[in-house]
Amino acid sequence: MARVYNFNPGPAALPLEVLQEAQADLVDYKGSGMSILEASHRGKEYGAIHDEAVATIKKLLGLGDDHAVLFLQGGASGQFAMVPMNLLGEGQSADYVNSGAWASKAVKEAKLIGKVNVIADTGKDIPTRLPDPAALKFTPGAAYVHITSNETIAGTQWKTFPKTDAPLVADMSSDILSRPFEASRFGLIYAGAQKNLGPAGVTLVIIRKDLAERVSEKVPVIFRYKTHIEDNSLYNTPPCFAIYLVALVARWVVKNGGLQGMSKRNADKAAKLYAAIDASGFYKGTAVKEFRSDMNVTFRLPSEALEEAFVKEASGRGLKGLKGHRSVGGVRASIYNAFPPEGVDALVAFMKEFQQKNG
Ligand SMILES: *Cc1c(COP(=O)(O)O)cnc(C)c1O
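Each chain has its residues counted from 1, following the order in which its sequence is written. Predicted model: local features are reported for residues with pLDDT of at least 70 only, side-chain atom pairs are reported and counted for 80 or more only, and whole-chain, interface and lining totals are derived from all residues. Side-chain metrics rest on all non-hydrogen atoms present in the structure, leaving aside hydrogens and water.

J.: Looking at this structure, I do not really get the site of the ligand. What am I missing?
T.: Close to the ligand lie 13 residues; Ser77, Thr152, Asp171, Gln194 and Lys195 are nearest. For the purposes of these results, a polar contact is taken to be a pair of N or O atoms within 3.5 Å, where, inside protein, one atom must be able to donate a hydrogen and its partner to accept one; residues adjacent in sequence count only when each atom of the pair is a side-chain atom. Serine 77 is positioned such that a nitrogen or oxygen atom in its side chain is 2.6 Å from an oxygen atom of the ligand. Within the side chain of lysine 195, an N or O atom sits 2.7 Å from an oxygen atom of the ligand. Exposure was quantified through the Shrake-Rupley algorithm and a 1.4 Å probe, taking into account, for residues, occlusion by the shown protein chains and nothing else. Summarising the interface, the protein chains cover 87% of the accessible area of the ligand, which totals 390 Å² for the free molecule. Each helix is a run of DSSP H or I of at least 4 residues and each strand a run of E of at least 2, with the numbering of both proceeding from the N terminus. In terms of residue count, helix 3 (residues 75-87) provides more of the shell around the ligand than any other element does, four residues in total. The cutoff for a nearby residue is simple: one of its non-hydrogen atoms must lie within 4 Å of the molecule or strand.

Written as structure tokens, this is what we have:
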């Protein structure tokens, strides 16, 4: 079997053990005589998986009964709209931090629903950076404050989260479960699964239950958090197989030291790559050091031609998916939870060799 090192930004690498377990159980799930792909979402086999996925995520994040864990569809992009549809009432405004490409999409959607105050804007800054969380000026009476915990394209990550009076809402698509943080302090967290949680097709939403009561009767039932809380995300058919994989990935996170374990694994991987970049005098990191992401390591080479050659040659060596996002160019190594440390060692070795030949 030839597995490559998969640096894709999302959908992204999954733990090999998880894929193997899913493979072993694919045709006959635990003696049920059918695949979980074919099972009823109301049946006991699927029900047990669904509840395990919810319970494991709650436990990993230290959440109590005030918060609900939901599995929805429509991706993080769907949440850009669903958050204001539910939380931004008539005559209210919401505070948004524009930290880059993803945050600005969230802003754009929210503006279609209500009044948005962009309270800090680092979206176009080069080198890429984030605002100082302690220096943010919030709007009194804001319905909520929205941030993007990790800007997947820019390669920036909040190291500490702002303290807010209004409920704090975060798009954590590209760093959920990658490190410990005080999740109970958040009003709402959402994440497309395809980076750190599982395959594409399911979106994790964590919401403080009382906030779901804000929704207007004019919002269609399917787009209300309240609906999905009341029905444990089984109001309509959920993406069962994707949620099953999320359950397996969450189990894998627990087995590998929980969020502390993930944090150490991720910090070690990222530190090795940033050290190689900084020591090279050839590669140049694109993010201001204090905001560097442990998930998406972005860097440039001396020319676009060299970047193209780098990505191509790396691919030929089984180091796949290193091309930077089309909007910014450069190189991006996405090294989410499941990405193996050996893959980072292989990339560092390749970087040295490429520099020797081309530097
Ligand atoms: C990938 C990503 C998204 C978009 O997710 P979809 O599930 O494709 O809608 C949104 N926000 C961030 C931070 C992302 O990394």
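J.: Please clarify how the packing of aromatic side chains should be interpreted in this entry.
T.: In this description, an aromatic ring pair is defined by two values, namely the gap between the centres and the angle between the planes. A pair of Phe, Tyr and Trp rings is counted when the ring centres sit within 6.5 Å of each other, with Trp represented by its six-membered ring. The angle between the planes then sorts it: under 30 degrees is stacked, over 60 is edge-to-face, the rest tilted. With the rule as written, the count across this model stands at 17 aromatic pairs. Geometrically, the ring pair formed by phenylalanine 181 and phenylalanine 186 is edge-to-face, given 5.6 Å between the ring centres and 90 degrees between the ring planes. Of the two residues, phenylalanine 181 and phenylalanine 186, both sit in the buried class. With 5.2 Å between their ring centres and 85 degrees between their planes, phenylalanine 310 and phenylalanine 354 make a pair best called edge-to-face. Residue phenylalanine 310 is found in helix 8 (residues 304-316), and its partner phenylalanine 354 is found in helix 9 (residues 341-358); the two are separated by 44 residues along the sequence. Pairwise contacts between aromatic rings join Phe282, Tyr283, Phe299, Phe310, Phe350 and Phe354 into one cluster. Type-normalised accessible area, obtained with a 1.4 Å probe on protein chains alone, sets the label of each residue: buried when under 20%, exposed when over 50%, and partly exposed for intermediate values.

J.: Before we go on, may I ask you to explain the pairing of strand 8 (residues 168-171) in this structure?
T.: Regular strands have side chains that alternate between both faces of the sheet. Every second residue of strand 8 is oriented toward a common face, with Leu168 and Ala170 on one face and Val169 and Asp171 on the other, all of them buried. Sheet topology places strand 5 (residues 145-148) next to strand 8; four bridges connect them, and they run parallel. Across the sheet, the residue bridging to histidine 146 is valine 169, located in strand 8. A pair of strands is considered paired only if DSSP assigns at least 2 bridges between the two. Bridge count between strand 8 and strand 9 (residues 188-192): three bridges; the pairing is parallel. Its bridge partner being in strand 9, alanine 170 is matched across the sheet by isoleucine 189.

J.: Is there a simple way to think about the domain arrangement of the protein in this case?
T.: Often, the extent of an interface is quoted as the loss of accessible area on bringing the components together. With domains assigned, the protein is organised as domain 1 (16-255) and domain 2 (258-358). Using C-alpha coordinates to define each centre, domain 1 is positioned 27 Å away from domain 2. Here, two residues are considered to be in contact whenever any of their heavy atoms come within 4.5 Å of each other. Listed as interface residues are 27 residues of domain 1 and, on the opposing side, 26 residues of domain 2. When the area that domain 1 buries against domain 2 is broken down by residue, the three leading residues are Ile153, Pro180 and Trp252, summing to 25%. Between Lys or Arg on one side and Asp or Glu on the other, a salt bridge is scored when a side-chain nitrogen of the former is within 4 Å of a carboxyl oxygen of the latter. On the surface where domain 1 and domain 2 come into contact, there are zero salt bridges. Inspection of the domain 1/domain 2 interface yields 15 residue pairs in polar contact (both at pLDDT 80 or more). Ranked by residues supplied to the side of domain 1 that touches domain 2, first place goes to helix 6 (residues 240-255) with three residues. Taken together, the residues that form the side of domain 1 that touches domain 2 break down as 13 nonpolar, nine polar and five charged. Where each domain starts and ends comes from a domain assignment, either automatic or drawn from a database. Here the buried area means the combined drop in accessible surface, using a 1.4 Å probe, for two parts upon being joined, counting both sides. For this scheme, ten residues count as nonpolar: Ala, Val, Leu, Ile, Met, Phe, Trp, Tyr, Cys and Pro. Four count as charged, namely Asp, Glu, Lys and Arg, and the remainder, Gly too, count as polar.

J.: Is there a simple way to think about the sheet that holds strand 3 (residues 93-98) in this case?
T.: Across a sheet, strands are paired by hydrogen bonds formed along the backbone, either parallel or antiparallel in direction. The mixed open sheet is built from seven strands, whose spatial order is 2-10-9-8-5-3-4. Strand pairing shows two members of the sheet lacking a second neighbour, strand 2 (67-72) and strand 4 (115-121), which therefore form its edges. With strand direction ignored, the average angle separating the axes of adjacent strands in the sheet is 20 degrees. Here strand 3 runs beside strand 5; their pairing, made up of two bridges, is parallel. Within strand 5, the residue paired with aspartate 95 across the bridge is valine 145. For every element, the axis is a line fit to its C-alpha atoms; helices are fit only across the contacting stretch, and the angle between N-to-C directions ranges from 0 to 180 degrees. Helix 2 (residues 44-60) contacts strand 2 and strand 10 (203-208) of the sheet and is inclined by roughly 130 degrees relative to strand 2.

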